[in-house]
Amino acid sequence: VIRSIFNSQESYTVPNEVVCIKSGVFRHCKLRKITLSHSLEVIPNDCFRDCKYLEEVGMDCPRLEVLGRSCFEGCISLKNISLAKTSLLAVQDNCFHNTGLNQLELPDCVKYMDPSAIPDSCKLIINKTRYSQLLDDFRWRLAAEDS
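Parameters and conventions
- Residues numbered from 1 in each chain as written.
- Predicted model: local features only at pLDDT ≥ 70, side-chain atom pairs only at ≥ 80, totals over all residues.
- Heavy atoms only, no water.
- Helix = DSSP H or I, 4+ residues; strand = E, 2+ residues; numbered from the N terminus.
- Buried < 20%, exposed > 50% of the residue type's maximum accessible area, 1.4 Å probe, protein only.
- Pairing = 2+ DSSP bridges.
- Axes fitted to C-alpha atoms, helices over the stretch in contact; angles between N-to-C directions.
- Contact = heavy atoms within 4.5 Å.
- Salt bridge = Lys/Arg side-chain N within 4 Å of Asp/Glu carboxyl O.

You will see that Asp46, though not glycine, has its phi angle at about 60°, which is positive. Along the chain, the position of Asp46 falls in the loop between β3 (42–43) and β4 (56–58). Even without glycine at this site, Ser70 takes up a positive phi of about 55°. By secondary structure assignment, the location of Ser70 is in the loop between β5 (66–67) and β6 (80–82). Here Ser70 falls in the buried class, since its relative accessible area comes to 5%.

Here is the structure:
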């Protein structure tokens, strides 16, 4: 029933009381716009996977700390997203894989981002000091994986 609701609407707002969303709940939905709950703390694995019509994600989520594995993978219409108003600490593998993402704005508090999280062509906007540290972490992890 819930999935049919998401497939019959172009936009949806997750109620502010919602702290967590079930993994894969929006998967393959036909939403074009989603506004996430102000109280949301985690976007779980596969949450919006293969939502090929999704163009806009409202992310005024100051408590959001984790983007799960493949949570936006396959969202080919998603071009830009700002996570600047979050408390994001971790971006898991393939989070934005196979998306149309051109630009991603991250908060300074990010501590971990998997190298496969974003497309190579995506422009990252982040504090320069923090960005430098993330690049060093990526280089270290990639070197460790190669050895």
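Next comes the rest of the description.
What follows is about the sheet that holds strand β2 (residues 33–35). A sheet is described by the order of its strands in space; here three strands give the open sequence β1-β2-β4, paired in parallel fashion. Each edge of the sheet is formed by a strand with only one pairing partner; in this case those strands are β1 (11–13) and β4. Taking each pair of neighbouring strands and ignoring which way they run, the sheet shows an average axis angle of 5°. As defined by bridge partners, β2 adjoins β4 across three bridges and the pair is classed as parallel. Paired with Thr35 across the bridge in β4 is Gly58.

Here we take up the environment of Glu105. Considering the arrangement of structural elements, one finds Glu105 in strand β8 (residues 103–105). Given the relative accessible area of 29%, Glu105 is considered partly exposed. Look past the residues within four positions of Glu105 in its chain and what remains in contact with it is Ile81, Ser82, Leu83, Ala84 and Ile125.

Before going further, it helps to spend a moment on the sheet that holds β5. Read from one edge of the open sheet, four strands run β3-β5-β7-β9, paired in parallel fashion. The open sheet has two edge strands with one neighbour each: β3 and β9 (112–113). Summarising the sheet, β5 and strand β7 (residues 90–91) pair through two bridges and their orientation is parallel. When the sheet's bridge partners are listed, Val66 is paired in β7 with Ala90.

Using the criterion set out here, one finds seven salt bridges in the structure. Here Glu41 ties to Arg63 by a salt bridge, and the two come within 2.6 Å at their closest N and O atoms. Pair noted here: Glu41 is in the loop between β2 and β3 and Arg63 is in the loop between β4 and β5, with a separation of 22 residues, a long-range link. With relative accessibility at 42%, the residue Arg63 sits in the partly exposed group. For Asp46, the salt bridge identified is with Arg49, shortest N-O distance 3.1 Å.

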